[in-house]
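Residue-level structural notes
Single-letter residue listing:
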Amino acid sequence: MNYSERVKAELKDRYTDQPEFVQAAGEVLDAIQPALDAHPEFEKAALLERLVEPERIVMFRVPWVDDSGKVQVNRGYRIEFNSAIGPYKGGLRLHPSVNLSILKFLGFEQIFKNSLTGLPIGGGKGGSDFDPKGKSDREVMAFCQSFMTELCRHIGADTDVPAGDIGTGAREIGFLFGQYKRIRNEYTGVLTGKGLTWGGSLARTEATGYGLVYFVQNLLESKGDTLSGKRVCISGAGNVAIYAAQKATELGATVLTMSDSTGWVMDPDGIDVDVVKDIKEVRRARISEYVKARPNATYTDGRGVWGVKCDIALPCATQNELDLDDAKALVANGTKVVAEGANMPTTRPATDFLLEQGISFCPGKASNAGGVAVSALEMSQNSERLSWTFDEVDGKLKQIMADIFKNASDAAEKCGKPGNLVVGANVAGFLKVADAMMAQGIV
Ligand code: GLU
């Protein structure tokens, strides 16, 4: 058994109750073996054994009072996974599915994603099993204030900088920031994704979706192709999906689908992003509402996006949403590119199948890194107490996505796996963190 296989087997035995974490760590460990072969000193320093254990996990109770006067209790978490190259950085997920396994998988992914951005940010993630769906603004505020009352003693602009993720948008970041400032009496860049009047960065809202499309644009350009005229299927209808759809449309593609947890819509004329924004960002309603504004579109309950014929698939909903059957359907329909907008939306068997079939598969830690990259730019702006223009931030985002694509492609080539961006992204992300960990001693 080689080094990565041994560490993977140990993880599987130890964390039988954490399947998502074992899956995410397994993907990284499998991909980086070529880098381990070239660096026998890593095993002597037990580098992987250290890498897979979070530096710190904070778990706490989050009591709050709902609108009927009843006391509710949720579980709150912050995984401070790795600070070798910068303060812990990563979002807060608010969703009923949140547990230790999911947050450890997300925090682990974040280490390599953040490293790939080329910016000085470590890996972290947090959240709660609180479900903002269907809650009043006052209930969301009560939850956020209680959550931050505990979290504020563990985070800080130079320590750990949370942000949004599923269920945590501008509204939640606002309530969290307000409570942090009130308790700590300091105005710092302790959270990213802030509003534009109170320290937020232009283009942060758009960054993950735009970055995803810039990444695909780089990939297509490397093959002498463009997005113009391409049919694109997108899953999800959150922040990532909406701005991916907007940018893909702007660059000449036709976006055929979007979805939420209840069902999906297909619009043969191309998704109207303004309609989706109104449904999701203003009214917080179901995607089924879409057909009222767009009579040529169809709505179907349940899942089904990956059965629609397309050139490019952008899974932007959640983990493990694209399985082996979906991957087979995409290949049968002639899809050439699958680029992850969500974190680990493709199951491992589906990923392996797509790679075997020669599909250009872009792992989320590379292709969705634009969001956290602009978060790091928000931190820079907060530190220098200046704000950059939209074009300045968007220009930097474009360059960062181009660099990630190039670094991942070059690393894949160096490992003898040209075109395999899973190997390339993991190796490139890992080597920077590994170098920093080696330099900093046994900590
Ligand atoms: N939640 C996003 C991600 O998965 C963004 C994190 C951040 O901006 O810190 O990368």
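The structure reproduced in this document is the subject of the present report. (Residues numbered from 1 in each chain as written. Predicted model: local features only at pLDDT ≥ 70, side-chain atom pairs only at ≥ 80, totals over all residues. Heavy atoms only, no water.)

1. A few points about the sheet that holds strand β1 (residues 56–65)
We apply this condition: The pairing criterion for strands is at least two bridges between them, as found by DSSP. A run of H or I in DSSP becomes a helix once it reaches four residues, and a run of E becomes a strand once it reaches two; helices and strands are each numbered from the N terminus. Only the stretch in contact is used when fitting a helix axis, every axis being a line fitted to C-alpha atoms; angles between N-to-C directions are given from 0 to 180 degrees.
As summarised here, the arrangement of the five strands in space is β1-β2-β4-β3-β5, forming an open sheet in which the pairing is mixed. Each of the sheet's edge strands pairs with one partner strand only, and the pair in question is β1 and β5 (160–163). Across this sheet, the average inter-strand angle for adjacent strands is 20°, counted without regard to direction. As paired elements, strand β3 (residues 88–94) and β5 share four bridges and run parallel to each other.

2. Points about empty space enclosed by the protein
Test applied: Only protein atoms enter the 1 Å grid used here. Points where a 1.4 Å probe fits but cannot escape make up a cavity, open sets with protein on both sides within 12 Å along at least five of seven lines make up a pocket, and a residue lines them when an atom lies within 4 Å of a point. Grid points are joined across faces, edges and corners, and a volume is the space filled by probe spheres set on the points. In this count, Pro and Cys sit with the nonpolar residues alongside Ala, Val, Leu, Ile, Met, Phe, Trp and Tyr, while Asp, Glu, Lys and Arg are called charged and the others, Gly among them, polar.
Within the structure shown, the criterion is met by one cavity of 30 Å³ or more. Space inside the largest cavity adds up to approximately 30 Å³. The wall of the largest cavity is formed by Q23, A24, E27, M344, T346, T347, R348 and T351. Examining the composition of the lining of the largest cavity, we find that three residues originate from one element, helix α2 (residues 19–31), more than from any other. Of the residues belonging to the lining of the largest cavity, the class tally is two nonpolar, four polar and two charged.

3. Let's talk about the sheet that holds strand β7 (residues 254–259)
For clarity, the cut-off: By the convention used here, residues are in contact when the closest approach between their heavy atoms is within 4.5 Å.
The strand order across the open sheet formed by seven strands is β9-β8-β7-β6-β10-β11-β12, and the pairing between neighbours is mixed. With partners counted over all chains shown, the strands left at the sheet margins are β9 (298–301) and β12 (360–362), one partner each. Each adjacent strand pair in this sheet contributes to an overall mean axis angle of 15°, direction not counted. The pairing of strand β8 (residues 263–266) with β9 spans four bridges and is antiparallel. Counterpart to M266 in the pairing with β9 is T298. Most of the contacts of helix α9 (residues 204–222) go to strand β11 (residues 337–339), to which it runs at about 150°, and overall it touches β10 (312–315), β11 and β12.

4. Structural notes on unusual backbone geometry
Positive phi, normally seen in glycine, also occurs at N185, with a value near 55°. In this structure, N185 sits in the loop between α8 (170–184) and α9. Positive phi values are uncommon outside glycine, yet N320 reaches one of about 55°. Inspection of the secondary structure assignment puts N320 in the loop between β10 and α13 (324–332).

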